[in-house]
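# Report on the structure
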Protein chains: 4
Amino acid sequence: MDTADHALERGYLHRKDDYLKRLRRIEGQARGLQRMVEDERYCIDILQQISAVTKALQAVSLGLLEEHLQHCVLRAAAAGGPEADEKIKEAYEAVARLVRS
Amino acid sequence: MDTADHALERGYLHRKDDYLKRLRRIEGQARGLQRMVEDERYCIDILQQISAVTKALQAVSLGLLEEHLQHCVLRAAAAGGPEADEKIKEAYEAVARLVRS
Amino acid sequence: MDTADHALERGYLHRKDDYLKRLRRIEGQARGLQRMVEDERYCIDILQQISAVTKALQAVSLGLLEEHLQHCVLRAAAAGGPEADEKIKEAYEAVARLVRS
Amino acid sequence: MDTADHALERGYLHRKDDYLKRLRRIEGQARGLQRMVEDERYCIDILQQISAVTKALQAVSLGLLEEHLQHCVLRAAAAGGPEADEKIKEAYEAVARLVRS
């Protein structure tokens, strides 16, 4: 796959830095959760922080999914044929995992 | 919109009876929940039944979404232009509501 | 179980009418979904309505759970012994179902 | 709060090491997600990995919540009075956040 194709196949590249920044923050929050357990913090405070990390992950997922639909799925659908069906199937399965997680 | 177009725009028509049957069952379950409250049944039993209804609704949603992607979105994407972008946007917003509900 | 005990064991009785009203509305919404499919309405519109029903069910669940904790669990915990452990276990399993549905 | 009280107030202490291990793994997965974005991996693969991290966080939350109910809530409820009501309220709000995240 050449660079142009690669870029088309990764709808999120134009926001790569943003995603890296958000994932770094999530990594930091996961470290923070360890400190809270290490310091034997109150359960409710830890639960509150986990909900915040879960929301941050959900937002990253929805962002990636939106760009996948706008780029990878749209491009494959325009090309038609089995690749289009495969892309739609893949996108649907990712949505089903997201809904059930 | 003529009948052929209409059919293409409603990806679920080939499973219309199945969806009607499932939604009738969900309606019956909602009535059953009322009887449980009327009969002052134990809270945990009612909660268990609500989880079952929620799962049934989620399955209907995922089915409709899959068919929407396979038909409406795929068709619009193949046609390209602003309609394609609009369909992708709509599908994404439906997914986001589903994930957050 | 005499009436007084029964009332204590059903934390939601003071809001029984409110729950019945909300569940009747949910039943009506389920009927409305059938009409939307019968009328071959656009998939996205049906998905939007399902998300509304799911939210309504979630609110009923959280209300019942809150009252269960405030009445049934609190009362059993005050009495202590195996009944208290059982009530806590039951409440936790209801929460786990709710989180995973 | 003396050590004995502190231990009672932190239902999870007997599984502290297990939670630390699981949270370290989640931190590692968050780093792994950054590498996937850095390496411009396919969106669907990244989404799949995020669903796994979300499930791992959910399991930690449910574990902490179960222990909070079994220890902190049960103990406060047995003592009765305003502290019991406060603990139940706190536990309910944590559940509501978990359900909505």
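The rules behind each value
Residues numbered from 1 in each chain as written. Chains lettered and ligands numbered in written order. Predicted model: local features only at pLDDT ≥ 70, side-chain atom pairs only at ≥ 80, totals over all residues. Heavy atoms only, no water. Helix = DSSP H or I, 4+ residues; strand = E, 2+ residues; numbered from the N terminus. Rg over C-alpha atoms; globule rule 2.2 N^0.38 Å. Buried < 20%, exposed > 50% of the residue type's maximum accessible area, 1.4 Å probe, protein only. Contact = heavy atoms within 4.5 Å. Areas by Shrake-Rupley, 256 points an atom, 1.4 Å probe, with all protein chains shown as cover. Lys, Arg positive; Asp, Glu negative; His and termini not counted. Charge placed at Lys NZ, Arg CZ, Asp CG, Glu CD. Buried area = accessible area lost by both parts, 1.4 Å probe. Salt bridge = Lys/Arg side-chain N within 4 Å of Asp/Glu carboxyl O. Polar contact = N/O pair within 3.5 Å; in protein donor to acceptor, adjacent residues only side chain to side chain. Nonpolar A, V, L, I, M, F, W, Y, C, P; charged D, E, K, R; others polar. Least-squares fit on C-alpha atoms with pLDDT ≥ 70 in both. 1 Å grid on protein atoms, 1.4 Å probe; cavity = no way out; pocket = protein on both sides within 12 Å on 5 of 7 lines; lining within 4 Å. Points joined across faces, edges and corners; volume = space filled by probe spheres on them. Axes fitted to C-alpha atoms, helices over the stretch in contact; angles between N-to-C directions. Parallel < 35°, antiparallel > 145°, perpendicular 65-115°, else oblique. Left-handed = near helix turned anticlockwise from the far one by under 90°. Patch = residues over 30% accessible without salt bridge, like charges linked within 9 Å, V, L, I, M, F, W, Y side chains within 5 Å.

## Overview of the overall build of chain A
From N to C terminus, chain A includes four helices and zero strands. When the helices and strands of chain A are read in sequence order from the N terminus, they spell out α-α-α-α. Taking 101 residues into account, the globule formula puts the C-alpha radius of gyration at 13 Å, and chain A, at 18 Å, lies well above it. Its C-alpha atoms give chain A principal-axis dimensions of roughly 55 × 30 × 15 Å. For chain A, with 101 residues in total, the buried portion stands at 54%. Summarising the internal contacts of chain A: among those between residues at least 6 apart in sequence, 58% fall at separations of at least 24. A total accessible area of about 4,400 Å² is found for chain A, and carbon and sulfur atoms account for 48% of it. Averaged over its 16 positive side-chain charges, chain A has a centre that lies 4 Å from the centre of its 17 negative ones.

## Structural notes on the environment of isoleucine 50 of chain D
Structurally, the position occupied by isoleucine 50 of chain D is in helix α3 (residues 43-79). Ignoring anything within four residues of it in the chain, the contact list for isoleucine 50 of chain D reads Leu57, Val60, Ser61 and Leu64 of chain A together with Leu33 of chain D.

## A closer look at the interface of chain D and chain C
Chain D puts 18 residues into the contact, and the matching count from chain C is 18 residues. Across the chain D to chain C interface the summed buried area is about 1,900 Å²; carbon plus sulfur atoms make up 79%. Taken together, chain D and chain C are joined by zero salt bridges. Linking chain D to chain C there are zero residue pairs in polar contact (both at pLDDT 80 or more). Sorting the residues of the side of chain D that touches chain C by element identifies α3 and α4 (81-100) of chain D as the ones contributing at least two each. Along the lines of polarity and charge, the residues of the side of chain D that touches chain C split into 13 nonpolar, two polar and three charged.

## Concerning the interface of chain A and chain D
Buried accessible area, meaning the area lost when the parts come together, often serves as the stated size of an interface. Facing the 49 residues of chain A at the interface are 49 residues of chain D. Around 4,500 Å² of area is buried between chain A and chain D when both sides are counted, 65% of it from carbon and sulfur atoms. For the pair chain A and chain D, the number of links is six salt bridges. At the junction of chain A with chain D, the criterion picks out 18 residue pairs in polar contact (both at pLDDT 80 or more).

## Brief notes about unusual backbone geometry
All names here are of chain B. For glutamate 40, which is not glycine, the phi torsion reads 55 degrees and is therefore positive. Mapped onto the fold, glutamate 40 is located in the loop between α2 (16-38) and α3 (43-79). For glutamate 40, a relative accessible area of 21% puts it in the partly exposed group.

## So, the relation of the copies chain A and chain D
Taken as rigid bodies, chain A and chain D are interconverted by a rotation of 180 degrees and an axial shift of 0.0 Å, the fit giving an RMSD of 0.0 Å. Taken together, the rotation angle and the small translation identify this as a two-fold axis. Of the C-alpha atoms belonging to chain A, the one lying closest to the rotation axis is found on glutamate 27 of chain A, 2.6 Å away. Residue by residue, 100% of the interface of chain A is reproduced at the interface of chain D, so both copies engage with the same surface.

## Things to note about empty space enclosed by the protein
In the structure shown here, the tally under the stated rule is two cavities of 30 Å³ or more. Considered as a void within the structure, the largest cavity measures approximately 540 Å³ in volume. In terms of lining residues, the largest cavity is bounded by 36 residues, among which Val99 and Ser101 of chain A, Val99 and Ser101 of chain B together with Ser101 of chain D are the most central. Taken together, the elements giving at least two residues each to the lining of the largest cavity come down to α3 (43-79) and α4 (81-100) of chain A, α3 and α4 (81-100) of chain B, α3 (43-79) and α4 (81-100) of chain C together with α3 and α4 of chain D. Looking at side-chain class alone, the lining of the largest cavity contains 14 nonpolar, 18 polar and four charged residues. Reported here for the second largest cavity is a volume of approximately 40 Å³. At the level of secondary structure, the elements contributing two or more residues to the lining of the second largest cavity comprise α4 of chain B together with α3 of chain C. Its residues assigned to classes, the lining of the second largest cavity comprises four nonpolar, two polar and one charged.

## Observations regarding the packing of α4 of chain C against α3 of chain D
With their axes 10 Å apart at the nearest point, α4 of chain C and α3 of chain D run at an angle of 155 degrees to one another. Between α4 of chain C and α3 of chain D, the crossing angle belongs to the class labelled roughly antiparallel. Regarding α4 of chain C and α3 of chain D, the two cross each other, and that crossing is right-handed. Here α4 of chain C contributes Ala84, Asp85, Ile88, Tyr92, Val95, Ala96, Val99 and Arg100 of chain C to the contact with α3 of chain D, which in turn contributes Gln58, Leu62, Leu65, Glu66, Leu69, Gln70 and Leu74 of chain D. Of the residues in the contact of α4 of chain C with α3 of chain D, the class split is 10 nonpolar, two polar and three charged.

## Looking at the relation of the copies chain D and chain C
Note on the copies: chain D fits chain C at an RMSD of 0.0 Å, the axial shift is 0.0 Å, and the rotation between them is 180 degrees. The share of interface residues of chain D whose copies in chain C are also at the interface is 100%, consistent with both copies meeting through the same surface.

## Section: a positive patch on the surface
There is a patch of like positive charges on the surface, built from Lys55 of chain A, Arg100 of chain B, Lys55 of chain C together with Arg100 of chain D. Within the element layout of this structure, arginine 100 of chain B appears in helix α4. On the accessibility criterion, arginine 100 of chain B (45% relative accessible area) is partly exposed.

## A closer look at the pattern of salt bridges
The full count for this structure, using the stated rule, is 35 salt bridges over all chains. Residues lysine 16 of chain A and glutamate 38 of chain D are paired through a salt bridge, measuring 3.9 Å at the closest nitrogen-oxygen approach. Pair noted here: lysine 16 of chain A is in helix α2 (residues 16-38) and glutamate 38 of chain D is in helix α2 (residues 16-38), and the two residues belong to different chains. The class for lysine 16 of chain A is buried, based on a relative accessible area of 14%. Each member of the salt-bridge network shares a partner with another, and the members are Arg15, Asp18, Arg22 and Glu67 of chain A.

Don't take any of this as a statement about function, it's just geometry.
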